[in-house]
Amino acid sequence: MCRELILSWQDMKSREWFAVGRLSFIDNKYKFGYTSGALNAKKAGFLGLAGMNEFSKIYRSDKIFPVFQNRILNKSRPDRSEFLDWLNIDLDNYSQLEELARTGGIKATDSLRLYPVPYAIDGKYVVNFFAHGVSHLIESYKKRANELLPGEKLYMCADLENEYDKNALILRTKDPIEVVGFCPKFFAEDFYTVFEASKKCFSINLVRVNMDAPEQLRLLCKLSCEWPDNFLPLNKPEFQLISTSKI
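These numbers were taken from a predicted model, which means no experiment stands behind them. (Residues numbered from 1 in each chain as written. Predicted model: local features only at pLDDT ≥ 70, side-chain atom pairs only at ≥ 80, totals over all residues. Heavy atoms only, no water.)

Let's talk about the overall build of the chain
- The number of helices and strands found in the chain is six helices and 11 strands.
- Each principal axis of the C-alpha atoms in the chain carries an extent, and together these give about 50 × 40 × 40 Å.
- Evaluated residue by residue, the chain yields a buried proportion of 46% over its 247 residues.
- Taking contacts inside the chain between residues at least 6 apart in sequence as the whole, the part at least 24 apart equals 61%.
- Here the chain displays about 13500 Å² of accessible surface, and carbon together with sulfur accounts for 50% of that area.
- Both charge centroids of the chain, one from 34 positive and one from 32 negative side chains, sit 5 Å from each other. (Helix = DSSP H or I, 4+ residues; strand = E, 2+ residues; numbered from the N terminus. Buried < 20%, exposed > 50% of the residue type's maximum accessible area, 1.4 Å probe, protein only. Contact = heavy atoms within 4.5 Å. Areas by Shrake-Rupley, 256 points an atom, 1.4 Å probe, with all protein chains shown as cover. Lys, Arg positive; Asp, Glu negative; His and termini not counted. Charge placed at Lys NZ, Arg CZ, Asp CG, Glu CD.)

Set out below in structure tokens:
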């Protein structure tokens, strides 16, 4: 179950992404605070969220903040059960943060995105994620991606000649070798770290293919390995809260 999310913002001119905040649900309250990355994003034009633009403040609410509520599918939608099925979330384990963690809370009307902060589960590092870049694959690779089977092992490798992202990680099949997507950019550095520390037990497996879903929700994958000693996820300064008050 997701406990905390990172909010990121994209500068549409440079296409650069900035980590700008952290959203959590603790002690039955939703809490949001800006991270140090928001100060860098501010230089590129980030003004903060509507009604929550004080960067040094921790915001608290009994209900999820409107800017995030608007990214959750309405419960009255007739296709809601199908949507949750795509995300591999059952109602017994449902939470608003879990839905946002799977979908990213993406809207066509802005440049915000959410992703989960991993935590140790029985000593394991476990992340569920949708493969990125599926829409950009050549047709033969898309066909192979659509033919993947639940539980099938995928392989992660560096895309050394990627002109836009030096840390890009490809997802590929074993035999024949075919690209079926990319690991999420925001997890790339941590994925490198846990792979190097836990090669023997590191695995990425396909959870499901959603043939009737939008391509950004097409391939749900799961990464699992041992949680490395002394490892802290998303531990760069840009991810740390500006406010020193207890969240």
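From this point on, the discussion continues.
Concerning the sheet that holds strand E5 (residues 112–116)
- Judged by pairing direction, the sheet is antiparallel, and its five strands sit side by side in the order E4-E3-E2-E1-E5 without closing on themselves. The open sheet has two edge strands with one neighbour each: strand E4 (58–61) and E5. For this sheet the average axis-to-axis angle between neighbouring strands, irrespective of direction, equals 25 degrees.
- Bridge count between strand E3 (residues 29–34) and E4: four bridges; the pairing is antiparallel. When the bridges of E4 are listed, Phe-32 appears paired with Tyr-59. (Pairing = 2+ DSSP bridges. Axes fitted to C-alpha atoms, helices over the stretch in contact; angles between N-to-C directions.)

Looking at the sheet that holds strand E8 (residues 169–172)
- In spatial order, the strands read E6-E11-E10-E7-E8-E9; together these six strands make up an open sheet with antiparallel pairing. A strand with exactly one partner marks an edge of an open sheet, and here the two such strands are strand E6 (124–130) and strand E9 (179–182). Pairwise comparison of adjacent strand axes, ignoring direction, gives a mean angle of 30 degrees for this sheet.
- Summarising the sheet, strand E7 (residues 153–158) and strand E10 (residues 203–209) pair through two bridges and their orientation is antiparallel. For Leu-154, the partnering residue across the bridge sits in E10 and is Ile-204.
- Lying over the sheet, helix H5 (residues 139–146) contacts E9, E10 and strand E11 (219–226), oriented at roughly 85 degrees with respect to E9.

Concerning the pattern of salt bridges
- Under the defined criterion, the tally for this structure stands at 17 salt bridges.
- Between Lys-29 and Asp-62 there is a salt bridge, with the nearest N and O atoms lying 2.5 Å from each other. On the criterion of sequence distance, the pair formed by Lys-29 in strand E3 and Asp-62 in the loop between E4 and helix H2 (66–69) is long-range, its members being 33 residues apart.
- Of the residues examined, Lys-29 reaches a relative accessible area of 32% and is grouped as partly exposed. (Salt bridge = Lys/Arg side-chain N within 4 Å of Asp/Glu carboxyl O.)

Remarks on helix H6 (residues 188–197)
- What H6 keeps buried is the set Ala-188, Asp-190, Phe-191 and Val-194. Down the axis of H6, the sector holding all buried residues measures 160 degrees, keeping them to one side.
- Considering only its buried residues, H6 is in contact with E6, E7, E8 and E11. (Arc of directions from axis to C-beta.)

Things to note about the nonpolar core
- If you look at the biggest cluster of nonpolar residues, it comprises 36 residues, and the most contacted ones within it are Tyr-125, Phe-129, Phe-191, Ile-204 and Leu-219.
- For this core, the secondary structure elements donating two or more residues are E6, E7, E8, E9, H6, E10 and E11.
- At four residues, E11 tops the list of elements feeding residues into this core.
- Setting aside its immediate chain neighbours within four residues, Leu-219 contacts Phe-129, Phe-130, Ala-131, Val-134, Ala-145, Leu-148, Val-180, Leu-206, Arg-208 and Val-209. (Core = buried A, V, L, I, M, F, W, Y, C linked by side-chain atoms within 4.5 Å.)

Considerations on the pairing of E8
- Two strands pair when backbone bridges link them, and E7 and E8 are joined in this way by four bridges, in the antiparallel orientation. Paired with Cys-157 across the two strands is Ile-170, which belongs to E8.
- Two strands pair when backbone bridges link them, and E8 and E9 are joined in this way by three bridges, in the antiparallel orientation. Note that in E9 the partner of Leu-171 across the bridge is Gly-181.
- Adjacent in sequence and paired antiparallel, E8 and E9 are bridged by six residues.

Brief notes about unusual backbone geometry
- Looking along the chain, the bond that leaves Asp-175 and enters Pro-176 is cis, with omega of 0 degrees.
- Position of Pro-176 relative to the elements: it lies in the loop between E8 and E9.
- The phi angle at Asp-27 is positive, at roughly 50 degrees, despite the residue not being glycine.
- Take Asp-27: it is sitting in the loop between strand E2 (17–26) and E3.
- Within the chain, Asp-122 stands out as a residue other than glycine whose phi angle is a positive 55 degrees.
- Asp-122 sits in the exposed class, given a relative accessible area of 78%.

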